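# Geometric and topological summary
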Amino acid sequence: MNRTHPQRNGDVATFDSAKSFSEEQGCCRPRCAHLCCPPRQACIVLLFLAAVVAIVGLAIALGLQPRALVDRFCVASHNWTGFLCDDRLTCIQASQVCDRTANCRNGEDEQEKLCGDLPRSLPEYLVFHCSNPEYWVYADQRCNGMNDCGDCSDEMGSLAACPPCGPSWWTCSPVHYEYCSCVPRALCQDRVQHCVSWSDEYLCRP
Ligand SMILES: [Ca+2]
Ligand SMILES: [Ca+2]
C-alpha cells in the first residue's frame with residue numbers, strides 16, 4: 001500500500017517519520033527525531049522562540065536603552081543641566097558624568113555605556129558642541145563664564161545664546177583667555193588687567 005503521510009511508531013517519531021515530515025512541511029529537520037518530540041510541536045516551539053528573539057532584538061534596535069538615559073535629565077544647582085542618579089533624587093552636574101569619580105551612590109555616572117565612547121556614548125542633552133567640530137564640553141560649561149571651548153563659542157555668539165553677565169560679573173572684552181565677555185567682579189581693581197579697555201581696573205567696582 002502506498003503511504004502518502006508519515007507513520008508513527010507508538011509515541012516516538014522514528015527517523016523516517018521525522019524525515020518524511022521534514023520533506024513535506026519544510027520545517028523540522030531529521031534531528032528532531034532523537035529529541036523524542038513530535039515534529040509539529042517542535043516546530044511550534046522553535047517558531048515561538050524565534051519570535052521572542054526577534055521581539056527582543058527589535059526592542060533593542062528601537063533604542064529602549066538610550067531612552068532610559070534620556071529619562072535621567074534633571075536640573076542641578078544654579079539651574080545647570082544635570083544627570084539623575086538611580087535613586088531618582090540626586091541630580092549631579094553634567095560635568096560630573098564620566099569624570100572618573102563616582103558621584104552617584106552606585107556609580108551609575110561612570111558606567112561603561114555612558115563613558116565608553118565620549119561624547120557619542122553620552123545623551124545629547126549632556127553635551128555642548130563648540131564651533132570647532134573637534135571640540136565639545138559638558139552642557140553645564142555653557143554660559144558658566146569660563147572659556148571651556150577655547151574659542152569662547154560656549155560663552156559668546158549664537159551657539160551658546162547666553163544671557164547677559166550676571167550681577168557678580170563685569171562685562172568687557174577680556175585679556176585673559178579663561179574668560180570671554182564676563183569677568184568676575186572679584187577681579188576688579190586687583191591691579192591686574194583683565195579687560196582690553198582696562199575697565200575692570202578703572203570703572204568696575206568689586
Ligand atoms: Ca562622576
Ligand atoms: Ca564655559
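The structure contained in this document is the topic of the report that follows. (Residues numbered from 1 in each chain as written. Chains lettered and ligands numbered in written order. Predicted model: local features only at pLDDT ≥ 70, side-chain atom pairs only at ≥ 80, totals over all residues. Heavy atoms only, no water.)

### Some thoughts on the packing of aromatic side chains
Quick reminder of the rule: For Phe, Tyr and Trp, where Trp contributes only its six-membered ring, two rings pair if their centres lie within 6.5 Å, and the inter-plane angle classes them as stacked under 30 degrees, edge-to-face over 60, or tilted in between. In this scheme, a residue with accessible area under 20% of its type's maximum is buried, one over 50% is exposed, and one in between is partly exposed, where area comes from a 1.4 Å probe on protein chains only.
For the structure on display, the rule yields 4 aromatic pairs. Aromatic side chains Trp-136 and Tyr-138 sit 5.1 Å apart centroid to centroid with 70° between the ring planes, which places their arrangement in the edge-to-face category. A relative accessible area of 26% places Trp-136 in the partly exposed class.

### A few points about the layout of surface pockets
Rules: Think of a 1 Å grid over the protein atoms and nothing else: a 1.4 Å probe that fits but is trapped marks a cavity, an open set flanked by protein within 12 Å on at least five of seven lines marks a pocket, and residues with an atom within 4 Å of a point count as lining. Grid points are joined across faces, edges and corners, and a volume is the space filled by probe spheres set on the points. Under the scheme applied, nonpolar residues are Ala, Val, Leu, Ile, Met, Phe, Trp, Tyr, Cys and Pro; charged residues are Asp, Glu, Lys and Arg; polar residues are all the others, including Gly.
Considering only enclosed or pocket space, the largest pocket measures out at about 470 Å³ in volume. Taken together, 22 residues line the largest pocket, and the ones lying closest to its centre are Arg-142, Cys-143, Asn-144, Cys-162 and Pro-163. When grouped by side-chain class, the residues that make up the lining of the largest pocket number 12 nonpolar, 8 polar and 2 charged.

### Here we look at the environment of Cys-182
This is how the line gets drawn: Secondary structure elements follow DSSP: runs of H or I no shorter than four residues count as helices, runs of E no shorter than two count as strands, and numbering proceeds from the N terminus. Here, residues are in contact when the closest pair of their heavy atoms is within 4.5 Å.
Turning to its location among the elements, Cys-182 is positioned in strand β7 (residues 182-184). A residue is classified by how much of its surface remains accessible, and Cys-182, at 15% relative accessible area, is buried. Distance in space between the C-alpha atoms of Cys-182 and Trp-170 is 5.4 Å, their sequence separation being 12 residues. The residues touching Cys-182, leaving out its near neighbours within four places in the chain, are Gly-145, Cys-165, Trp-169, Trp-170 and Cys-172.

### A word on the coordination of the calcium ion (ligand 2)
Applied cut-off: Each metal's donors are the N, O and S atoms within 2.8 Å of it, or within 3.2 Å when it is Na, K or Ca, and because water is not part of the set, sites may look incomplete. Key to geometry: four donors with every angle between 85 and 135 degrees are tetrahedral; four donors are square planar and six octahedral where opposite donors lie over 155 degrees apart and all remaining angles lie between 65 and 115; all other sites are irregular.
The protein atoms donating to the calcium ion (ligand 2) are Gln-141 (O), Asn-144 (OD1), Met-146 (O), Asp-148 (OD), Asp-154 (OD) and Glu-155 (OE), with metal-donor distances spanning 2.2 to 2.4 Å. Every donor counted, the 6 donor atoms about the calcium ion (ligand 2) form angles of 78 to 179° at the centre, which fits octahedral coordination. Here the donor residues of the calcium ion (ligand 2) share one chain and are spaced in sequence as Q-x2-N-x1-M-x1-D-x5-D-E.

### Some words on the nonpolar core
To keep things clear, this is the line we draw: Buried Ala, Val, Leu, Ile, Met, Phe, Trp, Tyr and Cys residues that are joined via side-chain atoms within 4.5 Å together make up what is termed a nonpolar core.
With 13 residues, the main nonpolar core has Phe-83, Ile-92, Val-97, Cys-98, Leu-114, Leu-122 and Leu-126 as its most contacted residues. Counting residues in each nonpolar core, the second largest holds 8 residues, with Trp-170, Tyr-179, Val-183 and Cys-204 among its members.

### A closer look at the pairing of strand β2 (residues 81-84)
Heads up, the rule is: The criterion for strand pairing is that DSSP finds at least two bridges linking the strands in question.
As judged from the 3 bridges shared by strand β1 (residues 73-75) and β2, these two strands associate in the antiparallel manner. Each residue of the ladder has a partner; that of Val-75, found in β2, is Thr-81. Count of turn residues in the β1/β2 antiparallel hairpin: 5 residues, of which His-78 carries a positive phi of about 60°. In this sheet, strand β3 (residues 91-93) lies alongside β2 in antiparallel orientation, the contact comprising 3 bridges.

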